[in-house]
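This is what each chain is made of:
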There are 4 protein chains.
Amino acid sequence: MKKKLKLGMIGGGKGAFIGAVHRIAARIDDEYELVCGAFSSDPAKSRESGSSLGLNPSRVYESYEQMFDTESKLPESERMEVVSIVTPNHVHFDPAAQAMRKGFDVILDKPMTLTLQQALDLKKVAEETGRLLCLTHTYTGYPMVKEARQIVASGKLGAIRKVYVEYPQGWLSTFEEDKDNKQAAWRTDPSKSGKAGAMGDIGTHAFNLAEYVSGLQVTKLCADINIVVKGRKLDDDGAALLKFNNGASGVLFATQIAAGEENNVKVRVFGEKGGIEWQQVDANTLQLKWLDKPAEIWRTGTGYVSAFAAHNSRTPSGHPEGYLEAFANLYRNFALTLNARKENKQPEAQWLDYPGIEEGIRGMTFIEKVIESGESDNKWTDF
Amino acid sequence: MKKKLKLGMIGGGKGAFIGAVHRIAARIDDEYELVCGAFSSDPAKSRESGSSLGLNPSRVYESYEQMFDTESKLPESERMEVVSIVTPNHVHFDPAAQAMRKGFDVILDKPMTLTLQQALDLKKVAEETGRLLCLTHTYTGYPMVKEARQIVASGKLGAIRKVYVEYPQGWLSTFEEDKDNKQAAWRTDPSKSGKAGAMGDIGTHAFNLAEYVSGLQVTKLCADINIVVKGRKLDDDGAALLKFNNGASGVLFATQIAAGEENNVKVRVFGEKGGIEWQQVDANTLQLKWLDKPAEIWRTGTGYVSAFAAHNSRTPSGHPEGYLEAFANLYRNFALTLNARKENKQPEAQWLDYPGIEEGIRGMTFIEKVIESGESDNKWTDF
Amino acid sequence: MKKKLKLGMIGGGKGAFIGAVHRIAARIDDEYELVCGAFSSDPAKSRESGSSLGLNPSRVYESYEQMFDTESKLPESERMEVVSIVTPNHVHFDPAAQAMRKGFDVILDKPMTLTLQQALDLKKVAEETGRLLCLTHTYTGYPMVKEARQIVASGKLGAIRKVYVEYPQGWLSTFEEDKDNKQAAWRTDPSKSGKAGAMGDIGTHAFNLAEYVSGLQVTKLCADINIVVKGRKLDDDGAALLKFNNGASGVLFATQIAAGEENNVKVRVFGEKGGIEWQQVDANTLQLKWLDKPAEIWRTGTGYVSAFAAHNSRTPSGHPEGYLEAFANLYRNFALTLNARKENKQPEAQWLDYPGIEEGIRGMTFIEKVIESGESDNKWTDF
Amino acid sequence: MKKKLKLGMIGGGKGAFIGAVHRIAARIDDEYELVCGAFSSDPAKSRESGSSLGLNPSRVYESYEQMFDTESKLPESERMEVVSIVTPNHVHFDPAAQAMRKGFDVILDKPMTLTLQQALDLKKVAEETGRLLCLTHTYTGYPMVKEARQIVASGKLGAIRKVYVEYPQGWLSTFEEDKDNKQAAWRTDPSKSGKAGAMGDIGTHAFNLAEYVSGLQVTKLCADINIVVKGRKLDDDGAALLKFNNGASGVLFATQIAAGEENNVKVRVFGEKGGIEWQQVDANTLQLKWLDKPAEIWRTGTGYVSAFAAHNSRTPSGHPEGYLEAFANLYRNFALTLNARKENKQPEAQWLDYPGIEEGIRGMTFIEKVIESGESDNKWTDF
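Residues numbered from 1 in each chain as written. Chains lettered and ligands numbered in written order. Predicted model: local features only at pLDDT ≥ 70, side-chain atom pairs only at ≥ 80, totals over all residues. Heavy atoms only, no water.

### Observations regarding the overall build of chain A
A tally of helices and strands in chain A yields twelve helices and 14 strands. Radius of gyration (C-alpha) of chain A: 21 Å, near the 21 Å computed for a compact globule of 383 residues. Here the C-alpha coordinates of chain A stretch approximately 65 × 50 × 40 Å along the principal axes. Expressed as a percentage of its 383 residues, the buried residues of chain A come to 67%. A total accessible area of about 12700 Å² is found for chain A, and carbon and sulfur atoms account for 47% of it. (Helix = DSSP H or I, 4+ residues; strand = E, 2+ residues; numbered from the N terminus. Rg over C-alpha atoms; globule rule 2.2 N^0.38 Å. Buried < 20%, exposed > 50% of the residue type's maximum accessible area, 1.4 Å probe, protein only. Areas by Shrake-Rupley, 256 points an atom, 1.4 Å probe, with all protein chains shown as cover.)

In structure tokens form, the structure reads like this:
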């Protein structure tokens, strides 16, 4: 009989956006059961959130420390196995490190930590404890993004020469910070968000997507980082020229002041023989362009996609799967990996295809370097 | 503390397609808990399916009759409240009618029954028992389809003059019936599917979409119904000219032999001042076209959509929601309605916006009439 | 040294729409020189139009009869060789027949004549006189429409099973007839337009496109023909179910009351193995869809298109060619054919690929039959 | 009676690409008559080209010097008035300067000259002689690009904050220089192309588009300039971060090694309240995006566009106009301006809306600066 992974959550109380998304993602494929949570630093709010989620009140905690303590003492058949941390960035490192030390695996919202040093430290904790971490870079959960990575890796496009990635948003076009917009408030507050605003919030997604699809690593960059809206404390806009470890170059931009843009993250990768293009607005489609033959439209749910794309979709072609399913793919692949470990089985390659600590460190490096470059008069900043 | 609706399922055993979709839909918004099932007419298969779903073996049944009997005797705090029936068409009426008579509400896959007479009978059972029924015409669960209906109803487009609806598929372009394709096998078998093949399977969806969005009713039609693939027993292709109750006219086509087409169901409605266009391939977008000003692109998750669209989406604009979320909207609205009844509250208009028995009767009438017209030399067949 | 064909024009005076389009089409590839014209039945207007076109006043005529008389007496080195007839439908047959009898080849706007009988008569005149006629069904001049025809003809898609064609417009959504809209006035006047309104004006284009691309012929149809706008004298909307000579079926619709639609004529043809889709709004693209592999995006101006598409475009891929170039392709191919005849050369297959009298007769048959069917209680009307 | 401008041409002999495009552009609106040419530095080839164009052999010249001499002595009623220079970049300045000194107005292909100094010198010649110059930055000839500029200028979008412009091509993905590809040969040869390859050929177009639509001027940039294909002598790829004179920032990229890309030049401009997006692949569409209401789709040929867009299109909405029509708009507006001068009339604002010497100087400055920046270790290079 199927057993679900017992999941706890830190953050994600009433009114939070991403916590609800994590919970839906956890439910879609039925691999998890939410058993406990510390949903807010406000105990009353945590209790109320737990109640509205139908949790046993005894397992709704006032703090994550309390949760780790109490849960770790429960019998194995009951206690939390994995914890989702969906708090602002400044509350990432400590609960993640504590969770690992108490024997829990971790699902963590991006960016991984507040600083690069924390990210490196977290890696050490993971190595010491043997715990696993899944970092929710959602966009790499889309089946067609996985297909893109497979196609690039197959060599069909030849050596990669150029990578363009962009993430335009418009929702911070005005000064939202004082409008009771909780999402805006912490994301623009250096004490909670870290060194970067837009670059940390969505620039890291774009960066992750570029490295994931191309299979390359950025080695240096040259950035223009801007605070466009008056009074804002962190960047709300930026762009960077990129150099990759195989000699390819690229362009990345991310902005939160492109008024009217929704969240149409897009990546294009060009090799000697052709290129690929994917964008979230048409997430079930991957375009392949060729130097000397018609472009091809690859679609999720079809019979011709790779095992990686097939594994990460649920419906026949033409029935769109979206952001929540992409998110669910991260949860599901992490669960399949954890279950394989439990059963001492070798996880399949598709199951291991979720972002983790290395991607987290890359992301924190990006944040450090893109902000450093933005403040520098030197053209190139090395990674 | 939140209580979930206790859900049972009939059909949807291992290898079935739509059963899994129903279960995901039921989980997404956490309004249901699957507590029991009769997943297959093969008891072993039913048990195996129940086990893989993590159900208590005592609540995995060998038949729906057994399930109704046993569950109805359980204490209220445990027993099933709602049953999802996800079997082929010939196993719709009887379990649905029995369920209602035993006091269970019903979620039923479309088309509602095998014959129009069964549909009319089911309505009587519902009236006698006071039970509610949700019919899973998924496409009306999309937020932008709901928005389309609201816009038409608002009168902004003026009186409606023309309705075009289409549902092209290609998956039955070859003779799949003898290829161990379970989906194809029953859908092309008159004893399981009923009078119609393509017209019943997807023609009813197109028909439902046309009536839902336009707010009109078809009064007569003229159909060309074809069996294109040799050896097939039911229609795999068809088209119909339509007349509506306000004098508008329309065109409907549905086909399963449009090789290369996925499931791009599309509807267009034109009034005196403008028109709307929606298609599943770009499900988060609704186009409004105007006689004398620029067309508008309405998108899910934005601040300007109606309460109906807003209520039926979960993510901010730009993060696509797809077919599973549309399906989940039916489940959620039905749950909200059932819960309101439990609490003796008046359900909100948005909650009541799910397809039910009336839509089922319309769909069965369409099937009867479109097939009758296809066989007739008379031009118009009245509804 | 290159010699241009000497062109005359009937109709197309100041304020006319399609006359100016014909003249641009004639100029684009520099195969014609406009030498004379009878631009209006109003002599003063004809003179004024000729003057604004820079014509020698001695070759601007008061009537087409006068033009034919005078021009036929000029020395060969000067006289008109081809005449473009761009008048409303009721002034098609007579000038075309007279022109042929006077030794002039003819370019004629569609539909070919006012009645089917005139079309058949015109064919006789052409046979008797040996004159050639080009009928300006513009949409078949698009390179990707030609490519579509070639792909269907190649058999790559297998036997054709289904044809969908549509031509939605919105410009007659209100009663334009009394608003000094010259285009609307004659098109809705039976004495000038003939039996059909929308069906003659754009239905014939859709019909021509369906037969051209599929390589098939309609054998019977069942039509719903409507006058939607009150007070209008001719149909402004219609749809038809079609049967083709190979057993395929289809759907055609054309409307002028789809408020907000521009002129997005679209054709889809499906065979056993795949399908093609083309629409004017994205005229430089042809989609090929396959049963079991990714769809392909074929584009004008690329290296992989057939000789037919290549011959009919001028710019490298990515630089769009539009409606005027499609129109120019008809003019150019007709010129190349006429020049080949002059030089006693065999025209190439690509040059002969322009619509002519047979297409004109098919179009007039369509008009007769679609209107007959619209008025009939019988389901099918044979061609 | 209408009189056409008498046009001569330098370059554009058989096999040349852009010369034929210029001639079509000149013919479309019938404002010019090609009367003479020096089509090649090879006299035989020039004669052959002139003959195939139907020119009087006495007016086909062996060199542009000879053409200027001879033509300037012809009576005014016969002699050339305007000359189109369609040669590679190293043969721009001298013929343009000579033409002006001989009293001819000039249409010149971009980039204006080989060096910035030549551009500044040419401006002086123009000022001394009073001659006018039209520089064929084609993309600003598109009606929807003009509409975009008008919308930005109207202030509807608020202050401009961000400009993205891109021009991806793939045709130089392989080493074409030794494959008898005439277009590739001169464009990659510094002696003919100048300091820049891709940046000069298409980067200048992107730059011009960015400044034209935004109404802003670049004040500094930071560029990454690459030679991707081995053996190539000039850049085939580049990207630049931009700063504008109002404080806005931007990103420009242009590449000729994006395998599979056609010529989809695209520009996006965002202000405080909304943004616009235009791309050549869908040239008849302009997207307006708003912070808080549905995006709008503006289309050519509609009733709601500005006088600038309306003036620059010929067909009703839905009938696409393309690259050749955009090119023709430059020719037509220049002709209308020249004719107004002849008649001592004030040209209308729409007529004067063609690129000229100032745009040429901006383009040459861009080339100098983008290459300088590419070679520099300093982050920002001032204009």
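### A few points about the relation of the copies chain B and chain C
Superposing chain B onto chain C requires a rotation of 180° together with a translation of 0.0 Å along the rotation axis, leaving an RMSD of 0.0 Å. What the rotation and shift describe, once combined, is the action of a two-fold rotation axis. Looking at the rotation axis and the C-alpha trace of chain B, the residue lying nearest is Lys379(B), at 2.1 Å. Most of the interface of chain B is mirrored in chain C, where 100% of its interface residues are also at the interface. (Least-squares fit on C-alpha atoms with pLDDT ≥ 70 in both. Contact = heavy atoms within 4.5 Å.)

### Section: the side chain of Arg23(A)
By the secondary structure assignment, Arg23(A) is in helix α1 (residues 18-28). Ignoring sequence-local partners within four residues, the contact set of Arg23(A) consists of Met9(A), Gly12(A), Leu34(A), Phe39(A) and Leu53(A).

### Side note on the pairing of strand β10 (residues 266-271) of chain B
All names here are of chain B. Within β10, six of the six residues are buried, which leaves the element mostly enclosed by the surrounding structure. A two-sided burial pattern is seen for β10, the buried positions comprising Lys266, Arg268 and Phe270 on one face and Val267, Val269 and Gly271 on the other. As judged from the five bridges shared by β10 and strand β11 (residues 274-279), these two strands associate in the antiparallel manner. For Arg268, the partnering residue across the bridge sits in β11 and is Glu277. If you look at the hairpin formed by β10 and β11, you'll find two residues sitting between the two strands. (Pairing = 2+ DSSP bridges.)

### Structural notes on the domain arrangement of chain A
Residue and element names in this part refer to chain A. Domain boundaries in chain A define domain 1 (5-131) and domain 2 (146-318 + 361-375). One C-alpha centre belongs to domain 1, the other to domain 2; they are set 27 Å apart. Between domain 1 and domain 2, the residue contacts involve 20 residues of the former and 17 residues of the latter. Counting the surface lost from both domain 1 and domain 2, the interface buries some 1500 Å², and carbon and sulfur atoms represent 61% of this. Ranking the residues of domain 1 by area buried against domain 2 places Lys110, Leu114 and Leu116 at the top, with a combined share of 33%. Connecting domain 1 to domain 2 are two salt bridges. In this structure, Lys110 engages Asp201 in a salt bridge whose closest nitrogen and oxygen atoms are separated by 3.3 Å. Tallying contributions element by element places helix α5 (residues 116-129) first for the side of domain 1 that touches domain 2, with four residues. Residue composition of the side of domain 1 that touches domain 2, by class: ten nonpolar, five polar and five charged. (Domains from an automatic or database assignment. Buried area = accessible area lost by both parts, 1.4 Å probe. Salt bridge = Lys/Arg side-chain N within 4 Å of Asp/Glu carboxyl O. Nonpolar A, V, L, I, M, F, W, Y, C, P; charged D, E, K, R; others polar.)

### A closer look at the sheet that holds strand β5 (residues 133-135) of chain D
Residues and elements named next belong to chain D. Spatial ordering of the open sheet is given by β2-β1-β3-β4-β5, a layout of five strands whose pairing is parallel. Bordering the open sheet on either side are β2 (32-38) and β5, each of which pairs with just one other strand. Adjacent strand axes in the sheet meet at a mean angle of 20° when their direction is disregarded. (Axes fitted to C-alpha atoms, helices over the stretch in contact; angles between N-to-C directions.)

### Looking at empty space enclosed by the protein
One pass over the full model with this rule turns up six cavities of 30 Å³ or more. Its boundaries defined by the atoms lining it, the largest cavity holds a volume of some 130 Å³. For the largest cavity, the lining is made up of 16 residues, of which Val281(A), Asn284(A), Pro320(A), Val281(B) and Asn284(B) are closest to its centre. Considered class by class, the residues forming the lining of the largest cavity number six nonpolar, five polar and five charged. (1 Å grid on protein atoms, 1.4 Å probe; cavity = no way out; pocket = protein on both sides within 12 Å on 5 of 7 lines; lining within 4 Å. Points joined across faces, edges and corners; volume = space filled by probe spheres on them.)

### Overview of the UniProt feature "domain: GFO/IDH/MocA-like oxidoreductase" (unreviewed entry) in chain A
If you check UniProt for "domain: GFO/IDH/MocA-like oxidoreductase" (unreviewed entry), the listed places come out as residues 146-277 of chain A in our numbering. Within residues 146-277 of chain A, the helical portion is 27% and the strand portion 33%, while the C-alpha atoms at the span's ends are 12 Å from each other. (UniProt positions renumbered as here; feature names shortened; annotations may be inferred.)

### Observations regarding the interface of chain D and chain A
With 47 residues of chain D at the contact, the number on the chain A side is 47 residues. Of the roughly 3300 Å² buried between chain D and chain A, counting both surfaces, carbon and sulfur atoms make up 54%. By the criterion of area lost to chain A, the three top residues of chain D are Arg161(D), Ala259(D) and Lys379(D), representing 19% of everything that side buries. If you look at where chain D meets chain A, you find eight salt bridges. Between Lys162(A) and Asp237(D) there is a salt bridge whose closest N-O contact spans 2.5 Å. Here chain D is connected to chain A by 24 residue pairs in polar contact (both at pLDDT 80 or more). At the level of elements, β6 (160-168), β7 (218-226), β8 (237-244), β9 (249-255), β10 (266-271), β11 (274-279), β12 (285-290) and α12 (357-375) of chain D are the ones that each hand at least two residues to the side of chain D that touches chain A. Considering every element that reaches the side of chain D that touches chain A, the biggest residue donor is β8(D), with six residues. (Polar contact = N/O pair within 3.5 Å; in protein donor to acceptor, adjacent residues only side chain to side chain.)

### Digging into the packing of helix α4 (residues 93-101) of chain B against helix α5 (residues 116-129) of chain B
Residue and element names in this part refer to chain B. Two elements in contact, α4 and α5, have axes whose closest approach is 9 Å; the angle formed by their N-to-C orientations is 10°. As the angle between them shows, α4 and α5 are arranged roughly parallel. On α5, the residues touching Phe93, Ala96, Ala97, Met100 and Arg101 of α4 are Gln118, Asp121, Leu122, Val125, Ala126, Glu128 and Thr129. Of the residues that constitute the contact of α4 with α5, the class distribution is seven nonpolar, two polar and three charged. (Parallel < 35°, antiparallel > 145°, perpendicular 65-115°, else oblique.)

### Quick word on helix α1 (residues 18-28) of chain B
By the criterion of burial, α1(B) is predominantly enclosed, with ten of the eleven residues buried. Taken as a whole, α1(B) has its buried residues at Ile18(B), Gly19(B), Val21(B), His22(B), Arg23(B), Ile24(B), Ala25(B), Ala26(B), Arg27(B) and Ile28(B). Close packing links the buried residues of α1(B) with α1 of chain A together with β1 (5-10), β2 (32-38), β3 (82-85), β4 (105-108) and α11 (323-342) of chain B. The first or second residue beyond α1(B) is Asp30(B), which carries a positive phi of 65°.

### Digging into the UniProt feature "domain: Gfo/Idh/MocA-like oxidoreductase N-terminal" (unreviewed entry) in chain A
Mapped onto the present numbering, the UniProt feature "domain: Gfo/Idh/MocA-like oxidoreductase N-terminal" (unreviewed entry) falls at residues 6-135 of chain A. Along residues 6-135 of chain A one finds 42% helix and 18% strand; the C-alpha atoms at either end are 18 Å apart.

### Things to note about the side chain of Ser173(D)
Along the chain, Ser173(D) turns up in the loop between β6 and α7 (182-187). A distance of 2.7 Å separates the side chain of Ser173(D) from the backbone oxygen of Gly170(D), its partner in a polar contact. The residues contacting Ser173(D), other than those within four sequence positions of it, are Arg161(A), Glu272(A), Leu291(A), Val229(D), Gln256(D), Ile257(D), Ala258(D) and Ala259(D).

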